Amino acid sequence: MRKHILIAILFLHYPTFAKESVLIENVTVVSSHLQGQLQKAHVLISDGRIKTVSSSKIKKTVDTQVIDGTALYLAPGIMDSHVHVSSIPGMGFGVEPVAQKNVALAEKYYKQQPYSFLYYGVTQVVDPNPGLEWTKFTSSKVHPDYYRCEVITSRSTFPLVEKNDELSKSMFSYIVEQDVAETALNSPEQIVKRIAGSGASCIKVYFEDGYGDESQWPLLSDDTLKRIRKSALQHKLPLVAHANALDMYQRAIDAEVDVIAHGLWNWGEFSRETEVSKPMHGVINQLMSKSIGYMPTQRVIAGLGELMLHNSHGVPEFSKVTPKELLEWYKQPSAQWFKEELRAGFDGLPDEVIARIFLKDRVGKGNKILQTLTEAGYPLLLGSDFPGSPSFANQPGLTTFLEMKAMADAGVSLVAILAAATSNNARQFNIDKDYGTVEVGKVANLLLLKQNPLTTVDAWSNIHQVILHGEVFDRADFAADTMANKALQRTSR
């Protein structure tokens, strides 16, 4: 029985493998394990993995697909370690009220979503809150390799306490009971054991006692967190924390989490400061001393700010990653519900003022923390938290690329961005034997870029071809407008 479960898990992570071998000749290899670049390299791919990386020519067989890599750059596929594939931009998770009112639109989105990630070179994702619709992502014929955490919450803590209807609450399957014996059905120990048996790759817990300056929600007790941590270690599951405020960071650090999956943009009592204070430096130093993974997730805040801007649904790049029908819906009054919630939350301030609060103040605070870590040479993790909220300003794949651009704008080096998007993520989630670098034996999830990603961050959006488990795709094949045209062609036959 265990053998069958492991096989099933494998197929959820991996799409189908290419049968023919692929030889890329005269390409420049860019990979974080190299000192610089490997020029005029020859890379052989077979059975979905990298077989040879050589400076010498490689003999090809009659059935080998040959790619001329002259003037191209071969890089590992991007890994976004914080996405939510069940959440629809502009609607929320699929079981939530707005999505339930627009089921047909939601289904169109779910069908396109895997291709949109691939359009922007995202070949692996980690989903820290998979909801109930994640199998729609993995059932796509072609999709990024998918890894998921499972959320542990209680009936009195966030995020369960925030949900107002039973259907929305149903997406949380692991509801812990505190102060019960280890053998109890929903004890921390038994829940972690069930999560490990489900094939999940990590556990997520929330350190969130209220949005902004509010603190109306209780947190899991210190004892419960210790028990979750101990059991997670026993099952070799990384512990990922939702936290974005200074006091919540301290609680997460004290709980000895492995990753904090948000940037620190809520400075709490230091919110009026313009520079990182000494106490805040103390928290950041604790994070670094314990080697806790850090995801800036600046697009969460940017997506909120951009939603308040005029024509935020009309970004030209959206046509490549968003179904046309969904773009049309974004123009309708019914799609403005979340914008109205933000207006109410800011007591009716003008939209441009709300946008400035997010895009200048809070993004600016996140950048200050990012710069502090960068100056210390601390390794970062690429995680966009797509879509981050019900904002339709964030779209699949594009948001990942914009997160990389935000890191560059904050002063993170292109070398560090390469590592954050590839090797650091793979190492953090214990899958670096398969991913993260262009090395023999690794899964052939690769990108052929038209520009050098060590010269410009825009190279990550200038993709020639995407290679997924050794199968070569033209980037245009994944575009939403291309997929729509193909669908029309099929129906007209």
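Residues numbered from 1 in each chain as written. Predicted model: local features only at pLDDT ≥ 70, side-chain atom pairs only at ≥ 80, totals over all residues. Heavy atoms only, no water.

### Focus: the state of the cysteines
Scanning the entire structure with this criterion turns up one disulfide. A sulfur-sulfur separation of 2.0 Å characterises the disulfide bridge that pairs cysteine 149 with cysteine 202. The sign of the -85° torsion about the S-S bond sets the cysteine 149-cysteine 202 disulfide as left-handed. In this pair, cysteine 149 is assigned in strand S10 (residues 145–153) and cysteine 202 in strand S12 (residues 202–206), connecting sequence segments 53 residues apart. Per residue, the accessibility class of cysteine 149 equals that of cysteine 202, and both read buried. (Disulfide = S-S within 2.5 Å. Helix = DSSP H or I, 4+ residues; strand = E, 2+ residues; numbered from the N terminus. Buried < 20%, exposed > 50% of the residue type's maximum accessible area, 1.4 Å probe, protein only.)

### A word on helix H14 (residues 398–409)
In a regular helix each residue adds 1.5 Å, so 12 residues correspond to 16 Å; H14 covers 16 Å between its end C-alpha atoms and thus fits that length. Residues of H14 that are buried include every one of Leu398, Thr399, Thr400, Phe401, Glu403, Met404, Ala406 and Met407, and no others. The secondary structure elements touched by the buried residues of H14 are strand S6 (78–80), helix H3 (103–119), strand S9 (122–127), helix H10 (298–307), helix H13 (351–375) and helix H15 (414–421). Once H14 ends, the next one or two residues include glycine 411, with phi positive near 105°. (Expected span 1.5 Å × (residues − 1). Contact = heavy atoms within 4.5 Å.)

### Brief notes about the nonpolar core
One finds Ile203, Phe207, Leu287 and Trp460 to be the most contacted residues of the largest nonpolar core, which totals 112 residues. Sort the elements by how many residues they give to this core and H3 lands first, with eight residues. Ignoring anything within four residues of it in the chain, the contact list for leucine 287 reads Tyr249, Ile253, Ile260, Ile292, Tyr294, Leu373 and Tyr378. Judged by nonpolar contacts, the second largest core, of 17 residues, contains Ile45, Ile50, Leu74 and Ala444. (Core = buried A, V, L, I, M, F, W, Y, C linked by side-chain atoms within 4.5 Å.)

### Regarding H15
Counting buried positions over the eight residues of H15 gives six, a clear majority of the element. Listing the buried residues of H15 in full gives Leu414, Ile417, Leu418, Ala419, Ala420 and Ala421. Where H15 is buried, its residues meet S6, H14 and helix H16 (423–428).

### Quick word on the packing of helix H8 (residues 246–254) against helix H9 (residues 278–289)
Helix packing for two helices is described by the angle between their axes and how far apart those axes are. Relative orientation of the contacting elements H8 and H9 amounts to 30°, with a least axis distance of 10 Å. With respect to each other, H8 and H9 are oriented roughly parallel. When the axes of H8 and H9 are compared, the crossing they make is left-handed. Judged by residue contacts, Leu246, Tyr249, Gln250, Ile253 and Asp254 of H8 engage Met280, Val283, Gln286 and Leu287 from H9. Tallied by class, the residues present in the contact of H8 with H9 amount to six nonpolar, two polar and one charged. (Axes fitted to C-alpha atoms, helices over the stretch in contact; angles between N-to-C directions. Parallel < 35°, antiparallel > 145°, perpendicular 65-115°, else oblique. Left-handed = near helix turned anticlockwise from the far one by under 90°. Nonpolar A, V, L, I, M, F, W, Y, C, P; charged D, E, K, R; others polar.)

### Some thoughts on the packing of aromatic side chains
This structure, assessed with the given rule, holds 19 aromatic pairs. Members of the aromatic cluster, joined through ring pairs, are Phe117, Trp134, Phe137, Tyr146 and Phe386. Residue placement shows lysine 365 over the ring face of tryptophan 267; its charged tip is 5.1 Å from the ring centre. A cation over an aromatic ring shows up here: arginine 475 above the ring of tyrosine 119, its NZ or CZ 3.9 Å from the ring centre. (Phe/Tyr/Trp six-rings, centres within 6.5 Å; stacked < 30°, edge-to-face > 60°. Lys NZ or Arg CZ within 6 Å of the ring centre and 35° of its normal.)

### Quick notes on the pattern of salt bridges
Going through the model one piece at a time under the given rule, you end up with 21 salt bridges. The shortest N-O distance in the salt bridge between aspartate 258 and arginine 229 comes to 2.7 Å. Linking aspartate 258 in the loop between H8 and strand S14 (259–260) with arginine 229 in helix H7 (residues 222–234), this pair joins segments that are 29 residues apart in sequence. Using a relative accessible area of 12% as the deciding quantity, one classes arginine 229 as buried. Between arginine 343 and aspartate 351 there is a salt bridge, with the nearest N and O atoms lying 2.6 Å from each other. For arginine 343, a relative accessible area of 23% corresponds to the partly exposed category. Relative accessible area serves as the criterion here: at 19%, aspartate 351 is assigned to the buried category. (Salt bridge = Lys/Arg side-chain N within 4 Å of Asp/Glu carboxyl O.)

### A few points about the UniProt feature "domain: Amidohydrolase-related" (unreviewed entry) in the protein
Taking the UniProt record as the reference, the feature "domain: Amidohydrolase-related" (unreviewed entry) is found at residues 371–472. The distance separating the terminal C-alpha atoms of residues 371–472 is 37 Å; by composition the span is 30% helix and 12% strand. (UniProt positions renumbered as here; feature names shortened; annotations may be inferred.)

### Describing unusual backbone geometry
For the bond from phenylalanine 158 to proline 159, the omega torsion is 10°, close enough to zero to count as cis. Look at aspartate 179: it is not a glycine, yet its phi comes out positive at around 60°. The residue aspartate 179 is located in the loop between strand S11 (174–175) and helix H6 (188–197) in this model. Phi at lysine 236 takes a positive value of approximately 55°, unusual for a residue other than glycine. Structurally, lysine 236 can be placed in the loop between H7 and strand S13 (239–242). For lysine 236, a relative accessible area of 69% gives the class exposed.

### Some thoughts on the pairing of strand S5 (residues 73–76)
Both faces of the sheet carry side chains from a regular strand, because those side chains alternate between them. Where strand S1 (residues 22–29) meets S5, two bridges bridge the pair, whose relative direction is parallel. Considered in S5, the bridge of threonine 28 is made with tyrosine 73. Two strands pair when backbone bridges link them, and S5 and strand S16 (residues 446–449) are joined in this way by four bridges, in the antiparallel orientation. Bridging from a neighbouring strand, tyrosine 73 pairs with leucine 449 of S16. (Pairing = 2+ DSSP bridges.)

### Considering the packing of helix H12 (residues 337–345) against H13
In the contact formed by H12 and H13, the axes pass within 11 Å of each other and the chain directions differ by 85°. With respect to H13, the axis of H12 lies roughly perpendicular. Contacts between H12 and H13 involve Lys339, Leu342 and Arg343 from the former and Asp351, Ile354 and Phe358 from the latter. Across the contact of H12 with H13, the residue classes tally to three nonpolar, no polar and three charged.

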